[in-house]
Structures are given as C-alpha cells and as structure tokens.
Amino acid sequence: MGAAYRAIPRADIVLGIIALLFAAVSWLLVALTVHEHPIEYVSLAVLATGVAPAVFIRRTRPVPAFVLTCALFGGMALTAQLSPIYLSVPPILIFAPISLMAVTEYAQSWWWGPAGLMVGIVESLGSPAIRTENYKWSMAYHIVVLSAAFIWGSRRRAVRTAHDRELEAARTGERNRIAAELHDVLGHTLAAVRAQASMGLVVAERRGESTAEVLRTVADISKDALGDVRHLVGLLRDGHDGTASADSFTDLRDTVRRARAAGITVRDDLPSDETLTAWQRAWPAATRLAVLRVVREAVTNVIKHAGPAATMTVAVMLESGECVAIVENVGVVPHNLDAGRGLAGLRERMASVGGTLDVAATASGVRLAARLPVGARYAESAEHW
C-alpha cells in the first residue's frame, strides 16, 4: 500500500477519459457564452481540464492527485464566489468524492483521509453547486456525499491493510518453515560429517589404524545429505506444504548408527521394524516428521556438544495415545540450552502438531523429552498392524 509507482488501473483510465469529456463540456459552454462573462467560464473550463490528469493518477499517486484536485476545486469555488452571476454546475465536480476515496484508501499515511474530508467540507462552502436559496440543504448534501466517500475509502483501506498483514504473515511463516527445514534436514547430517572427518584425522595421525571405515561412513552420510537437499528443493519448487517427507521411521536407526559411528556410545530403545512400519503407514505425516526431526536434532546436539566420549540413550515409545521420544546423554552440559535456533524451531514444530518439548540439564548431561498426540484411532491401528 502507499504511493509507490504502479501501472495505471484500467478503471482510472476510463474515469480519466470521462473527466476529459466533462472538461470538453465546460469548453463547449465557453463557446456558447463567449459574449457573456467569458473570464468566469474560461476559468472554470481551465480548472476542469486540470482535474482530468489527477483522475488518471488518483491511485498510483494518491497524495499529489488529491492535492492537485483540491487546488483546482478551490479555484472553482473562488471563481464562483467572485462571479457576478450564477455559474452553471460543472459536471467535473463529481470527481471530488472520488478523489477523496482514493486518498483515504491508498495514501501511505492514514491521516490524509480525515484531513481530506475536512478540506472538502471547507471547499464546499464556496462550491459552484451550492445554491443560495437552498444553502442548508445543498451544504448538507455535500457533507453527506463526502462523508460517505470517506467511510467507503476507510473501509477499503482497513480491508487492504488486513490483507497485506495476512500476506506478510504468510511470507514470514514460509521463511520460517524453509529455515526450519534447512536446519532440520542439513543440521544432523553435516554435524555427523564433521564428527566423522574429525575422527578420520585422529585415526590418520595414529597411522596404525585404517581410515577406510570412517571414510565410508562420511560418504554414506554425504549421500544422504545430498538426497535431503534434493528433497527440500523439490518441496520449494512444487509448493508443497512441507508435512510430507522422503524420511521414514526407519531413519531412526540410521540416526542412531551415525551417532555410534561418531564415537558416541548409544543405548537405543526403539520399536521393532514391524512397529515402525505400522506407525509409518498409520500416523499423520506431520506427526511422523515431528518425531524424526526431534530425534535428529537431539542426536545432532549430542554429537556437536557432548563429544565422542559421551554416552546417550534414545527411546521412542507409544503411551496412552501419545508418541514419547526421549534422548538423554551423559557428557558436557551446555551453559545455555536455548542459545541455538534448533530447539526453538523444534518447539514451533511440536506446537504445530499439538505436542510439547521439554529440555532440561541433568547432573551429567541433557535430557530431551517430546510428547506428540497421535490420536486413539491412529494408535490402535498401529498397535494392531
């Protein structure tokens, strides 16, 4: 919204042409009354002609167009008051409320609308359309028309503002979603690659141990990361909502395997492959993705912060219609658990599916517990698969 340049709308082009036709009528009146007070009629015709360009730009340049229109109509009012005879009502006056509607709706500053209404009422005191014998009625008519134009413009401005806010909120949400996907998809795999590369350096320095297994793990993780990136690019290109993913519950075991390959001792309490397959088929996509992301983020944090000497417990289970994921490590305790963006993104993701995330420091490490409702219907179908 505002006075930024935009292409002239087709409706304003039509209105501008109508304004030119009204100006032509004023010049025709000049030709018919050339011997009777030509100065007054020529002045009205010139002022009416000047209104037409302002009509063309009433929405693309609302403030300059309104100021120009006010100046021209003010000139008409002054001409009518100084004229010794009653001048006919110029049809161009119809564009006074139209100009007020435009500046009320499209001006960057909201106060242009009320200010324009006040200016319009003041100029109406000398309008050529005001008849002395019906002054009160004519003035009331002007006030009603201008007030209606102001109310209509204000209503449309409010609707436009609400729409712009919704668009901005949608853009912000999309940016946050992309940021969360980038962090969740790449954070785990790149952290594992870094850990494996560091281990490879240690092994190489010892010279007595083979680095083949370490390099093979790095290659596998890099391949998975490339697949994740391709999947994310596909989501962005196709405009997908991001709830579906190429990941599956079987990736939980790969996540544990990567942690072990990074030198961390892991005790896992994961369901059987059959149960994971049943969950994969029965649970909502958003819930599945949230479980995978929370486990990946927790394991990644252990790899990054706890070090290869750490031990970790990973448990995923179903309790009373809720999926419970717990990752607890014994190692280094971070000074500020909320310093990074990963946990904030996980909390947002959990909240979006009605879940909760609790992260707390223990005496020797960190415990992360997530709970996600899967619904009795989904839970029963998974249990009886």
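The shown structure was predicted, so the numbers you read here are calculated from the model rather than taken from an experiment. (Residues numbered from 1 in each chain as written. Predicted model: local features only at pLDDT ≥ 70, side-chain atom pairs only at ≥ 80, totals over all residues. Heavy atoms only, no water.)

In this section: the overall build of the chain. Of the regular secondary structure elements, the chain holds 12 helices and five strands. Of all 385 residues assigned to the chain, the portion counted as buried reaches 41%. Pairs at least 24 residues apart make up 71% of the contacts formed inside the chain by residues separated by at least 6 positions. For the chain, the exposed area adds up to about 20,400 Å²; of that, 61% sits on carbon and sulfur atoms. (Helix = DSSP H or I, 4+ residues; strand = E, 2+ residues; numbered from the N terminus. Buried < 20%, exposed > 50% of the residue type's maximum accessible area, 1.4 Å probe, protein only. Contact = heavy atoms within 4.5 Å. Areas by Shrake-Rupley, 256 points an atom, 1.4 Å probe, with all protein chains shown as cover.)

Listed in full, the buried residues belonging to helix α9 (residues 273–282) are Leu276, Ala278, Trp279 and Ala282. Seen end-on, α9 carries its buried residues on one side only, within an arc spanning 160°. Structural note: α9 exposes Glu274 and Arg281 on the side pointing more than 90 degrees away from its buried face. (Arc of directions from axis to C-beta.)

Ranked by internal contacts, the top residues of the largest apolar core, which has 40 residues, are Met312, Val314 and Val316. Contributions of two or more residues to this core are made by α8 (251–261), α9, α10 (285–306), β2 (311–319), β3 (322–330), α11 (342–352), β4 (356–361) and β5 (365–373). The leading source of residues in this core is α10, at 10 residues. Formed by 18 residues, the second largest nonpolar core is a distinct cluster that contains Leu44, Ala45, Val55 and Leu93. (Core = buried A, V, L, I, M, F, W, Y, C linked by side-chain atoms within 4.5 Å.)

Each pocket or cavity is described by its volume, and for the largest pocket that value is around 530 Å³. Within the residue set of the lining of the largest pocket, elements represented by two or more residues are α3 (62–82), α4 (95–106), α5 (112–124) and α6 (135–206). If one sorts the elements of the lining of the largest pocket by residue count, α6 sits on top with six residues. Residues of the lining of the largest pocket, tallied by class, amount to 18 nonpolar, eight polar and one charged. (1 Å grid on protein atoms, 1.4 Å probe; cavity = no way out; pocket = protein on both sides within 12 Å on 5 of 7 lines; lining within 4 Å. Points joined across faces, edges and corners; volume = space filled by probe spheres on them. Nonpolar A, V, L, I, M, F, W, Y, C, P; charged D, E, K, R; others polar.)

The five strands are arranged β1-β2-β3-β5-β4 in an open sheet whose pairing can be described as mixed. Bordering the open sheet on either side are β1 (265–269) and β4, each of which pairs with just one other strand. Strand-to-strand twist across the sheet, computed as the mean angle between neighbouring axes with direction ignored, equals 10°. As paired strands, β2 and β3 are joined by nine bridges and run antiparallel to one another. Residue pairing in the sheet places Glu319 in a bridge with Glu322 of β3. Together, β1 and β2 form the strand contacts of α8, whose direction differs from that of β1 by roughly 160°. (Pairing = 2+ DSSP bridges. Axes fitted to C-alpha atoms, helices over the stretch in contact; angles between N-to-C directions.)

All right, on to a nonpolar patch on the surface then. On the surface, Ile8, Ile13, Ile17 and Leu21 cluster together to form a nonpolar patch covering roughly 330 Å² of accessible area. Position of Ile8 among the secondary structure elements: in the segment before α1 (10–32). On the basis of relative accessible area, Ile8 is assigned to the partly exposed category, the value being 37%. (Patch = residues over 30% accessible without salt bridge, like charges linked within 9 Å, V, L, I, M, F, W, Y side chains within 5 Å. Salt bridge = Lys/Arg side-chain N within 4 Å of Asp/Glu carboxyl O.)

With that settled, the discussion passes to unusual backbone geometry. Despite not being glycine, Ser320 shows a phi value in the positive range, around 50°. When you line up the elements, Ser320 lands in the loop between β2 and β3.

As a further point, take the environment of Phe22. One can find Phe22 in helix α1. A relative accessible area of 24% means that Phe22 is categorised as partly exposed. Along the chain, Phe22 and Val51 lie 29 residues apart, while their C-alpha atoms are 9.9 Å from each other. Excluding its chain neighbours within four sequence positions, the residues that come into contact with Phe22 are Pro91, Ile92, Ile94 and Phe95.

Let us look at the pattern of salt bridges. By the definition in use, this model includes 10 salt bridges. Taking the shortest distance from any N to any O, the salt bridge between Arg156 and Glu105 comes out at 3.0 Å. Of this pair, Arg156 sits in helix α6 while Glu105 is found in helix α4, placing the two residues 51 residues apart along the sequence. Residues Arg371 and Glu322 are paired through a salt bridge, measuring 3.0 Å at the closest nitrogen-oxygen approach.

The end-to-end C-alpha distance of α4 is 16 Å, a good match for the 16 Å that 12 residues give at a rise of 1.5 Å each. The buried count for α4 comes to 10 of 12 residues, which makes it a mostly enclosed element. Buried residues of α4: Phe95, Pro97, Ile98, Ser99, Leu100, Ala102, Val103, Thr104, Glu105 and Tyr106, and no others. (Expected span 1.5 Å × (residues − 1).)

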